[in-house]
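Observations on the three-dimensional arrangement
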Amino acid sequence: MTLEETDPEVKGAAIHTLCALEGEEILETAAEFLLDSQPEVRSGAMVGLLQHGGIEGIVMAGQNITTMHKSPDALERALSARVLGEVGISNFYRP
């Protein structure tokens, strides 16, 4: 699935909203956006999958967050922290 939206923030919010509306029905589509080049888009997909994707969504997004958390790139680590903060489940964070 492609979204015609070009603004990364709006696109990320749209993916998050689709996950909220469709839940597990949109897992494969949302997972495609986990590899997007824009951090805002990846963030929307991760938050949407973590909050609304059930166990499969948590596993899909969790793999990306774990990789980002261990990245040598500070921007990737910061994005993983923002995603965890936005999800708001304190058990997902392990210092």
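Note that the structure is predicted; figures quoted are calculated from it, not measured.

Some thoughts on the environment of Ser71
- Its location among the elements puts Ser71 in the loop between α4 (54-69) and α5 (74-87).
- Residues in contact with Ser71, not counting those within four places in the same chain, are Glu76 and Arg77.

A look at α4
- Taking 1.5 Å per residue as the helical rise, α4 with its 16 residues ought to reach 22 Å, and the 22 Å between its terminal C-alpha atoms agrees with that figure.
- Those residues of α4 not exposed but buried are Gly57, Met60, Ala61, Asn64, Ile65 and Met68.
- In this structure, the buried residues of α4 make contact with α2 (27-32), α3 (39-52) and α5.

Some details on the packing of α3 against α4
- Their axes nearest at 7 Å, the elements α3 and α4 cross at an angle of 140°. Regarding the angle of α3 to α4, the classification is oblique. Considering the relative orientation of α3 and α4, their crossing is left-handed. Between α3 and α4, the residues in contact are Arg42, Met46, Leu49, Leu50 and His52 and Gly54, Gly57, Ile58, Met60, Ala61, Gly62, Asn64, Ile65 and Met68, respectively.
- For the contact of α3 with α4, the per-class residue count stands at eight nonpolar, five polar and one charged.

The rules we used
Residues numbered from 1 in each chain as written. Predicted model: local features only at pLDDT ≥ 70, side-chain atom pairs only at ≥ 80, totals over all residues. Heavy atoms only, no water. Helix = DSSP H or I, 4+ residues; strand = E, 2+ residues; numbered from the N terminus. Contact = heavy atoms within 4.5 Å. Expected span 1.5 Å × (residues − 1). Buried < 20%, exposed > 50% of the residue type's maximum accessible area, 1.4 Å probe, protein only. Axes fitted to C-alpha atoms, helices over the stretch in contact; angles between N-to-C directions. Parallel < 35°, antiparallel > 145°, perpendicular 65-115°, else oblique. Left-handed = near helix turned anticlockwise from the far one by under 90°. Nonpolar A, V, L, I, M, F, W, Y, C, P; charged D, E, K, R; others polar.

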